[in-house]
Amino acid sequence: MVFDLEGSRFTGTITKYTPTTRFAYEEPWPIPQHPKSMTEEMTAWFTAIGVSSADVHRDLSLLDPIRTEFLLTNGSRDSLAIQIITSTRRSSTAWDRFFKDMVTSTAPIWDRLAAHLNEKAPS
């Protein structure tokens, strides 16, 4: 599968699918294999969280793919709850900051999804 998120393209592999309740995929880290190939924006972002591009590339070979799963359940009063779980196997302060920043930076995507679902919901 291919994601096109505001000009950035990412590919992934669907790992689980249950219609209307579950969708899971995994994707490789969107980081080029060589530090000099990394975009200025990506380099600036890693610098902002205190990680050098050399550290990123050293750790890259140790990382599992990013795994994301969406679980949909009925909420209260005809609502829908979407639980999003993202994981990889690697732990350090820098990677913890990466995931915290990812939550913040992807919030507009989930807000647009919620608005779209609310528009399509039967009244």
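All values reported here derive from a predicted model rather than from experimental measurement.

**Digging into the pattern of salt bridges**
Thought 1: Summed over all chains, the structure comprises 2 salt bridges.
Thought 2: Arg-22 is paired through a salt bridge with Glu-69; the nearest N and O atoms lie 2.4 Å apart. One end of the pair, Arg-22, is in strand E4 (residues 22-27); the other, Glu-69, is in strand E5 (residues 66-74), with 47 residues separating them in the sequence.
Thought 3: Assessed through its relative accessible area of 29%, Arg-22 is described here as partly exposed.
Thought 4: With a relative accessible area of 15%, Glu-69 lands in the buried category.
Thought 5: The partner of Glu-26 in a salt bridge is Arg-67, and the shortest N-O contact between them spans 3.3 Å. Taken together, the positions of Glu-26 in strand E4 and Arg-67 in strand E5 put the pair 41 residues apart, joining distant regions of the chain.

**What about the packing of aromatic side chains?**
Thought 1: For the structure on display, the rule yields 5 aromatic pairs.
Thought 2: Seen in terms of ring centroids, Tyr-17 and Phe-23 are 6.5 Å apart; in terms of plane orientation they differ by 85 degrees. Their pairing is edge-to-face.
Thought 3: An aromatic cluster of at least three residues, connected via ring pairs, comprises Tyr-17, Phe-23, Tyr-25, Phe-70 and Trp-110.

**Side note on unusual backbone geometry**
Thought 1: One non-glycine residue, Thr-20, adopts positive backbone phi at about 70 degrees.
Thought 2: Here Thr-20 shows up in the loop between strand E3 (13-18) and E4.

**Focus: the side chain of Glu-27**
Thought 1: Residue placement: Glu-27 occurs in strand E4.
Thought 2: If we ignore the near neighbours within four places in the chain, the residues touching Glu-27 are Phe-10, Thr-11, Gly-12, Pro-65 and Ile-66.

**Some words on a nonpolar patch on the surface**
Thought 1: A cluster of nonpolar side chains, contributed by Leu-80, Ile-82, Ile-84, Leu-113 and Leu-117, occupies part of the molecular surface with about 350 Å² of accessible area.
Thought 2: Counting residues per element, the ones that place at least two in the nonpolar patch are strand E6 (80-87) and helix H3 (93-120).
Thought 3: Looking at the nonpolar patch, the element that brings in the most residues is E6, giving 3 residues.

**As for the sheet that holds E3**
Thought 1: An order of E3-E4-E5-E6 is seen for the 4 strands of this open sheet, with the pairing classed as antiparallel. Every other strand in the sheet has two partners, leaving E3 and E6 as the edge strands with one partner each. Mean inter-strand twist for the sheet, computed between neighbouring axes without regard to direction, equals 10 degrees.
Thought 2: Relative to E4, E3 is paired through 5 bridges, and the arrangement is antiparallel. Bridging across to E4, Ile-14 finds its partner in Tyr-25.

Here is what the cut-offs are and how they apply
Residues numbered from 1 in each chain as written. Predicted model: local features only at pLDDT ≥ 70, side-chain atom pairs only at ≥ 80, totals over all residues. Heavy atoms only, no water. Salt bridge = Lys/Arg side-chain N within 4 Å of Asp/Glu carboxyl O. Helix = DSSP H or I, 4+ residues; strand = E, 2+ residues; numbered from the N terminus. Buried < 20%, exposed > 50% of the residue type's maximum accessible area, 1.4 Å probe, protein only. Phe/Tyr/Trp six-rings, centres within 6.5 Å; stacked < 30°, edge-to-face > 60°. Contact = heavy atoms within 4.5 Å. Patch = residues over 30% accessible without salt bridge, like charges linked within 9 Å, V, L, I, M, F, W, Y side chains within 5 Å. Areas by Shrake-Rupley, 256 points an atom, 1.4 Å probe, with all protein chains shown as cover. Pairing = 2+ DSSP bridges. Axes fitted to C-alpha atoms, helices over the stretch in contact; angles between N-to-C directions.

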